[in-house]
Amino acid sequence: MERIAKINRKTKETDINLKLNLDGSGKSEIHTGIGFFDHMLEGFAKHGFFDLDCTVDGDLYVDGHHTVEDTGIVLGDAIKQAVDDKKGMKRFGFFILPMDDALALCAIDICGRPYLNFECDFTVQNVGGLDTELIREFFYAVSYRAGMNLHIKLLSGSNNHHIAEAVFKAFAKALDQAVSMDERIDGVLSTKGSL
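Below is a summary of the structure that appears in this document. (Residues numbered from 1 in each chain as written. Predicted model: local features only at pLDDT ≥ 70, side-chain atom pairs only at ≥ 80, totals over all residues. Heavy atoms only, no water.)

## Considerations on the sheet that holds strand β7 (residues 115-119)
Remark on secondary structure: sheet strands pair via backbone hydrogen bonds, oriented parallel or antiparallel. Inclusion rule: Whether two strands pair comes down to DSSP finding at least two bridges between them. Put simply, DSSP marks the helices as runs of H or I at least four residues long and the strands as runs of E at least two long, and each gets a number from the N terminus on. For helices, the fitted axis covers only the stretch in contact; all axes are lines through C-alpha atoms, and the angles between them, taken along N-to-C directions, range from 0 to 180 degrees. Contacts are assigned to residue pairs that have any heavy atoms within 4.5 Å of one another.
Spatially, four strands are ordered β5-β6-β10-β7 in an open sheet, and the strand pairing comes out mixed. Two strands lie at the open edges of the sheet, namely β5 (92-99) and β7, each paired on one side alone. Pairs of neighbouring strands in the sheet enclose a mean axial angle of 10°, with direction left out of account. Inspection of the sheet shows strand β6 (residues 102-109) paired to strand β10 (residues 149-156) by seven bridges, in the antiparallel sense. Of the residues in β10, the one forming a bridge with Leu-105 is Lys-153. Of the strands in this sheet, β7 and β10 touch helix α3 (residues 133-146), which is tilted by about 160° from β7.

## Things to note about the packing of aromatic side chains
To be explicit about the condition: The pairing test for Phe, Tyr and Trp rings, Trp by its six-membered ring, is centres within 6.5 Å, and the orientation test on the planes gives stacked under 30 degrees, edge-to-face over 60, and tilted for anything in between. Buried, partly exposed and exposed residues are distinguished by accessible area as a fraction of the type maximum, computed with a 1.4 Å probe on protein chains only: under 20%, between the cut-offs, and over 50%, respectively.
Scanning all chains against the criterion turns up nine aromatic pairs. With a centroid separation of 5.0 Å and 75° between ring planes, the pair formed by Phe-138 and Phe-139 is classed as edge-to-face. The pair Phe-138 / Phe-139 is uniform in exposure class, with both members buried. For the pair Phe-139 and Phe-168, a centre-to-centre distance of 5.0 Å together with 50° between the ring planes defines the contact as tilted. Separated by 29 residues along the polypeptide, Phe-139 in helix α3 and Phe-168 in helix α4 (residues 160-179) bring together distant segments of the chain. Its relative accessible area of 0% is what places Phe-139 among the buried residues.

## Some thoughts on α3
Filter applied, for reference: Between the first and last residue of a helix there are one fewer steps than residues, each counted as 1.5 Å, and that sum is the expected span.
The end-to-end C-alpha separation of α3 is 21 Å, in line with the 20 Å expected for 14 residues at 1.5 Å each. All of the buried residues along α3 are Leu-134, Ile-135, Phe-138, Phe-139, Ala-141, Val-142, Ser-143 and Ala-146. As for α3, its buried residues are in contact with α1 (35-48), α2 (65-83), β7, β9 (130-131), β10 and α4. At the C-terminal side of α3, Gly-147 shows a positive phi close to 75°.

Right, here's the structure in full:
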């Protein structure tokens, strides 16, 4: 079964086309109009072994908020669509990722219940044209649209580029683990029998 999702979402603020393959090889083609955000999404795809194509035409003349948040909405929708009924899926994933001075923890439960705990403070307002305040907004949108518990915690770090990169890569590795299949799982991994 192919676990691929294609989402097209157009509003007055953004026009987004996204394709996600959970069982890919890490290939990506990303164009959001925000160079550093592209870099983060490319790292997410590469280190999660997801194939990700994402083109965003957003109202960057206002600021980056709608572009980043709406990309999170669409990525969350794509994850939810691609995991389908979740049968045979591990459901849980976690990773602690070092990136030079930065050390980030990410834990995920794709259970259908959205929740975000984001403990990561940035000390600068922007990194490479990306408003660091929007990183939390991105993960909030992903977690709520995908229906996942998502915990992200910065354990240490001083360089804001490294911190952001560690967070996105930790998320990628944890998500790769959570969506991976296990032949021992009969149906869905829940004592309730449903997720």
